Amino acid sequence: MSNVDQHGLINPPTGFDNQPGNLLSGPEAAALLGVKRETLYAYASRGLVRSVPSEGGRSRLYVREDLERLKARSDARRGHGPVAASALRWGEPVLSSTITTIGPEGPRYRGHAATALAASGVPFESVAELLWTGARPEERPTWTLPQDPTLPAARLADLVPEGAPPLATLALAVPALAARDPLRFAATEEAELPRARALIRRLAALSALPAGARRAKGALAEPTIARALLVALGGKRSDRAEAALEQALVLLADHELATSTFAVRVTASTGADLYACVSAGIAAVSGPKHGGACDRIEAVVAEVGRPERARAVVAARARRGDTVLELGHPFYPDGDPRTPPLLTAARAEAPRKTSVAALFALLDATKEAGHPPPSVDVGLVALCLALGLPPGAATTLFAIGRLAGWIAHALEQRRDPALLRPRSIAS
């Protein structure tokens, strides 16, 4: 039989521990609930709160567990539930984490400013290790691949339709890699770190699949993630290009509880394997309100075509009520500090390239029109255009960089035995 009563409260066994700490007097119980004594008596008469006679028998003592359960329900009705719900919309913190904090200067990874790490040339692999372990390696880590069967790049490439965006290949590749890893279930954190390194290396290389398996294999042979991505996505290869791409990966490595990261943590709380957690992040990034922002920016730049058309496009979009670019960020009213380094790198890499000039003309036009500063997505698209990367590359770079943060959050969430399972509010 069910142990839930008609009021929706869980009925414990018939007896209870009547130790003094578990029983409250009438005045104490009413104060805990924030109600009058008459209301408390009404709750008891309806079976919502159990009570027992006091030693003298003149008064009754009330079970603390019932009182606290009733208070939680009452608080939800009176506003605590709505407050919690609003916290999921750019609201108050809802989870404890030691990984990343956000301030006016941007994200700080384990206390280190992301902008400072990027500016000083700290490798992406070192930042990933910092996020995962709390310790930053002195030298660039060498991420070796385990000795396992050859990556089935050719077979995966056959499944990728012509013109598919690189992000779609990542969504395809992760489950395929998972199926080839029988030890992925309930893995220890010590075993997960080599798995995480190999996963990022492979996904960076497999982003080449729209261009064919041969390019993916060539990318896998590169020693760093930044170089692997340049090869995989067909960008021009130079030390400056590699440094710019590395900087972007570092700036994007984590951003606290972004939507995709929260999806990863919810999945990790179920005990799912690392591949499943990463798949949840990629699924969230694929949405037009998250990673798809880069695709919209690329579309606007293509619509502008030439720099001299920027003002006309901004005016026309304003008349229609259409979004011009991804501008502003709720956390950074004075501008996203991650964006300027990317724009600077793009301008230095290809200042005369038509698409890059068109994007900068758009930024000038939106600034003149009084719009907020550009988001990091704009900076990422600018860099990808300057490096000659294909459409969809910006979203892919976002996902590859954010893999470091997703994995850090998955590992941290697993240390909490609780399942992330909020409640809904009847509307």
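What counts and how
Residues numbered from 1 in each chain as written. Predicted model: local features only at pLDDT ≥ 70, side-chain atom pairs only at ≥ 80, totals over all residues. Heavy atoms only, no water. Helix = DSSP H or I, 4+ residues; strand = E, 2+ residues; numbered from the N terminus. Buried < 20%, exposed > 50% of the residue type's maximum accessible area, 1.4 Å probe, protein only. Contact = heavy atoms within 4.5 Å. Areas by Shrake-Rupley, 256 points an atom, 1.4 Å probe, with all protein chains shown as cover. Pairing = 2+ DSSP bridges. Polar contact = N/O pair within 3.5 Å; in protein donor to acceptor, adjacent residues only side chain to side chain. pLDDT = per-residue confidence, 0-100. Axes fitted to C-alpha atoms, helices over the stretch in contact; angles between N-to-C directions. Parallel < 35°, antiparallel > 145°, perpendicular 65-115°, else oblique. Nonpolar A, V, L, I, M, F, W, Y, C, P; charged D, E, K, R; others polar. Lys, Arg positive; Asp, Glu negative; His and termini not counted. Salt bridge = Lys/Arg side-chain N within 4 Å of Asp/Glu carboxyl O.

Draft legend 1. Structural view of the overall build of the chain. Secondary structure summary: the chain contains 19 helices and 6 strands in total. Taking all 427 residues of the chain together, the buried fraction comes to 48%. Partitioning the intrachain contacts of the chain with sequence separation of at least 6 by distance along the chain shows that 70% fall at a separation of at least 24. Approximately 21,200 Å² of the chain is accessible, and the part contributed by carbon and sulfur atoms is 54%.

Draft legend 2. View of the sheet that holds strand β6 (residues 112-113). Strand order in the open sheet formed by 3 strands is β4-β5-β6, and the pairing between neighbours is antiparallel. At either end of the open sheet lies a strand with only one pairing partner, and these are β4 (100-103) and β6. When β4 meets strand β5 (residues 106-109), the two strands line up antiparallel, connected through 4 bridges. Bridge assignment links T101 to a residue of β5, and that residue is R108.

Draft legend 3. How the structure looks around the environment of L249. Note on placement: L249 falls in helix α11 (residues 239-251). Residues L249 and A226, 23 residues apart in the sequence, show an inter-C-alpha distance of 7.9 Å.

Draft legend 4. How the structure looks around the side chain of D336. Along the chain, D336 turns up in the loop between α15 (310-320) and α16 (339-349). Here R338 takes part through its side chain, which lies 2.7 Å from a polar atom of the side chain of D336. With residues near it in sequence (within four places) discarded, D336 still touches H329, P374 and V376.

Draft legend 5. The confidence of the model for the chain, seen in detail. Residues of the chain with pLDDT of at least 70 account for 89%, and the chain-wide mean is 87. Predicted confidence in the chain is weakest over helix α3 (residues 64-87), with a mean pLDDT of 69, and strongest over helix α5 (residues 124-133), with 98.

Draft legend 6. Structural view of the packing of helix α14 (residues 292-304) against helix α17 (residues 354-368). Taken N-terminus to C-terminus, the directions of α14 and α17 make an angle of 100°; their axes are 9 Å apart at the nearest point. When the axes of α14 and α17 are compared, the pair comes out roughly perpendicular. Counted together, I297, V300, V301 and V304 of α14 and S355, A358, L359 and L362 of α17 form the full contact between these two elements. Among the residues forming the contact of α14 with α17, the class breakdown is 7 nonpolar, 1 polar and no charged.

Draft legend 7. Here's a closer look at the side chain of D377. Inspection of the secondary structure puts D377 in helix α18 (residues 376-386). It is R338 that comes nearest to the buried, bridge-free D377 among opposite-charge side chains, at 6.6 Å. Looking at D377, its side chain comes within polar contact range of the side chain of S375, at 3.1 Å. Not counting the four nearest positions on each side in its chain, D377 is found in contact with A293, C294 and I297.

Draft legend 8. Here's a closer look at the pairing of β5. Between β4 and β5, which follow one another and run antiparallel, lie 2 residues. Relative to β6, β5 is paired through 2 bridges, and the arrangement is antiparallel. Bridged to R108 within β6 is A113. Between β5 and β6, which pair antiparallel one after the other, the connecting turn spans 2 residues, and R110 there sits at a positive phi close to 50°.

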